[in-house]
Every structure is written in structure tokens, then in C-alpha cells.
Amino acid sequence: MSKPKIQRRDVHGLILLDKPQGYTSNQALQRVKYLFRARKAGHTGSLDPLATGLLPLCFGEATKVSGFLLDADKRYHAVCRLGQKTLTGDAEGEVIETRAVPALDGAQIESVLDRFRGPIEQIPPMYSALKHQGQRLYDLARKGQEVERPPRPVTIHDLRCLAHDDDTLTLGVVCSKGTYIRTLVEDIGEALGCGAHVIALRRIGLTPFEDPQMVTLEQIEALAEQGPEALDEALRPLDEALVHWPAVTLDADSAFYLGQGQAVFVPGLMHRGHLRLYGPKDRFLGVGRLLDDGRVAPKRLIVQPT
């Protein structure tokens, strides 16, 4: 006898999930999506299974803003084991090299970290989801193959030593999109003369969520036992993901024409980047951009739930 089909429902908003260790980002997303019985959901950039912390999940109409979060700066705490290199750059990989750790003081560590602040180039790790001739690099790596990877520019906005002892270094990192913390740690380990790998990684922020109140998977499971209304109370408004952009409020006529896909004139507006657009009664309309002629053009419109 076949199982009854799960009744999916429309869910709109954000969940700031504290991803547990051992889950891929997609596994965490699918579990939460199942608990919500949501029709549509997506996440905003992957965390390694080893990593924990902030993973924004977007439901329904919020998936339309998920792409903007992919470009966001990220904030991490990384714990590094000095003196060992692993195949994957983290604790999940086989140790492939062991070296003595020199006596390091704060000034020496600071001198090395300073080399990695600002714009740098990274060679992506073989154990990554990037593709080479249509194949994921991690699939090639698992077959024992290594291919040439061109360096990629990233920016380390802030890098500091939070703690260190004989063989452990804890780093605070604020970085641009596309930064591989495993690669950063490996490169720092080489600069220190002993090698290193990541043994714990936690994402604690992502623009504009600098110090977010996250919910755990266990909390969501507990809410699911209470029913959909309790779950929906945990959702955050989707425009919360865009609060770092200027807001523009349109009158009823302009909001109507914008909803038809037409650009509308907004007097005195100067900002050239993305804009949050609102209509009467603070109804969020979506994302727009200012054109050279002073009109605001819709870029991604939100269909308000009825």
C-alpha cells in the first residue's frame, strides 16, 4: 500500500537556521522544508558538513531574494590544528603531512595574518563543488585526480587571532563571497611553517545578518509538533534580507505601474544600486534599480500572499 502524499502548502519568509554539524546544506534545507510542508524553498550558499552556524533558508517568494544573499560578505570563527595537513583541508580528510609546530608568539602570528588581509588570490581546493569540464572537483578528487585550478580573487575584510596554544589557532574571519576558509587556513599554516587544517568552523554572520538570532533544527522540530501556525511564527519577513539597501516608498499609482513591469519616476532619488521598493501601507513590492533618466525600474517583484 502506497504512502499518502504529503500535502504541501505555500510558505513565504526566511528561517535563519543554525545548521548542525554533519548535515550538508541541502540535507538541512530538505529537513526543514519537510517540517514546514513547504512547496518551495532554497538556501543561500553552502556550508561544509563539518561547519555549523548561519544558513539562511528562503521559502516561497523569499527565494526571489536568495540570489542577492549569495554575494554577501560572511563572518566565521575557525579553529585550526597546526602541524598537520589533510587531504581535504579539514578534519574529515586523511592526514597527509605532519610537521613540528614552531614556538609562536602573538607578534609572529599577527605578522603572518597581515599578509592575508585585503584582496588576495586563492586556488580553490580539489574538494569543492566547482566544476571542471562538467565534473565536480570533489568527484575528480575522490578518483585520485587533480586538475589545474586558476586562482580566484577574494577579499579578507578582517582577520584576527582569537586564541592560540601549542598546536591550535582560533581565527575570526570576515570575507567576501567565494572565499574558502579551508584554503585560507592551509595557506596560513604554510606561512607559519608548519601546515594547518580546519577542525571546527562556525558561520556567525552574513550581510545583513551580522549578529542573528538563529533557530536550531531541534527547535523547528519542536514547533512542528505544535502545528503550522507555530512554525510560521518562526518565519522572518523576506525583506529583512535586504535591510542594508535604501528603501523607497511609492504612491498607489506608481506601485500599480511598477507591478505591471513599468519603470516609474521617483523625484530626488540619487542611489544607483539596488533599492527596496514599498507601496502604500508599507507593502513590500520587491527590488528595483534607478535608471539614468531618474525612473525606478523593477528588477525582482514579489507576489504578496493573499
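Going by the structure above, here's the rest.
In this report, we go over the structure that sits alongside the text. Only a predicted model underlies this, so the values are computations on that prediction, with no experimental measurement involved.

### Some points on the overall build of the protein
In terms of regular secondary structure, the protein is built from eight helices and 18 strands. Expressed as lengths along the three principal axes of its C-alpha atoms, the size of the protein is roughly 70 × 60 × 40 Å. Evaluated residue by residue, the protein yields a buried proportion of 45% over its 306 residues. Taking the intrachain contacts of the protein between residues at least 6 apart in sequence as the baseline, contacts between residues at least 24 apart amount to 67%. Total accessible area computed for the protein in this model is approximately 16000 Å², and 49% of it derives from carbon and sulfur atoms.

### A closer look at the pairing of strand β1 (residues 13-19)
Counting buried positions over the seven residues of β1 gives seven, a clear majority of the element. By the alternation rule, side chains of β1 split into Gly13, Ile15, Leu17 and Lys19 and Leu14, Leu16 and Asp18, which are all buried. One ladder, built from seven bridges, connects β1 with strand β3 (residues 52-59); its direction is antiparallel. Note on β3: the bridge partner recorded for Lys19 is Gly53. Bridging between β1 and strand β13 (residues 215-216) involves two bridges; their strand directions are parallel. Residue pairing in the sheet places Leu17 in a bridge with Val215 of β13.

### A short note on the side chain of Thr183
Among the secondary structure elements, Thr183 is positioned in helix α5 (residues 181-192). In contact with Thr183, other than residues within four places in its own chain, are Gln122, Ile123 and Pro125.

### So, the pairing of β3
Buried residues dominate β3, accounting for eight of its eight residues. Of the strand pairs in this sheet, strand β2 (residues 41-43) and β3 are connected by three bridges, and their pairing is antiparallel. Residue pairing for β3: Gly42 is matched across the bridge by Cys58. When β3 meets strand β12 (residues 196-206), the two strands line up parallel, connected through two bridges. Following the sheet pairing, Thr52 is matched in β12 by Arg202.

What counts and how
Residues numbered from 1 in each chain as written. Predicted model: local features only at pLDDT ≥ 70, side-chain atom pairs only at ≥ 80, totals over all residues. Heavy atoms only, no water. Helix = DSSP H or I, 4+ residues; strand = E, 2+ residues; numbered from the N terminus. Buried < 20%, exposed > 50% of the residue type's maximum accessible area, 1.4 Å probe, protein only. Contact = heavy atoms within 4.5 Å. Areas by Shrake-Rupley, 256 points an atom, 1.4 Å probe, with all protein chains shown as cover. Pairing = 2+ DSSP bridges.

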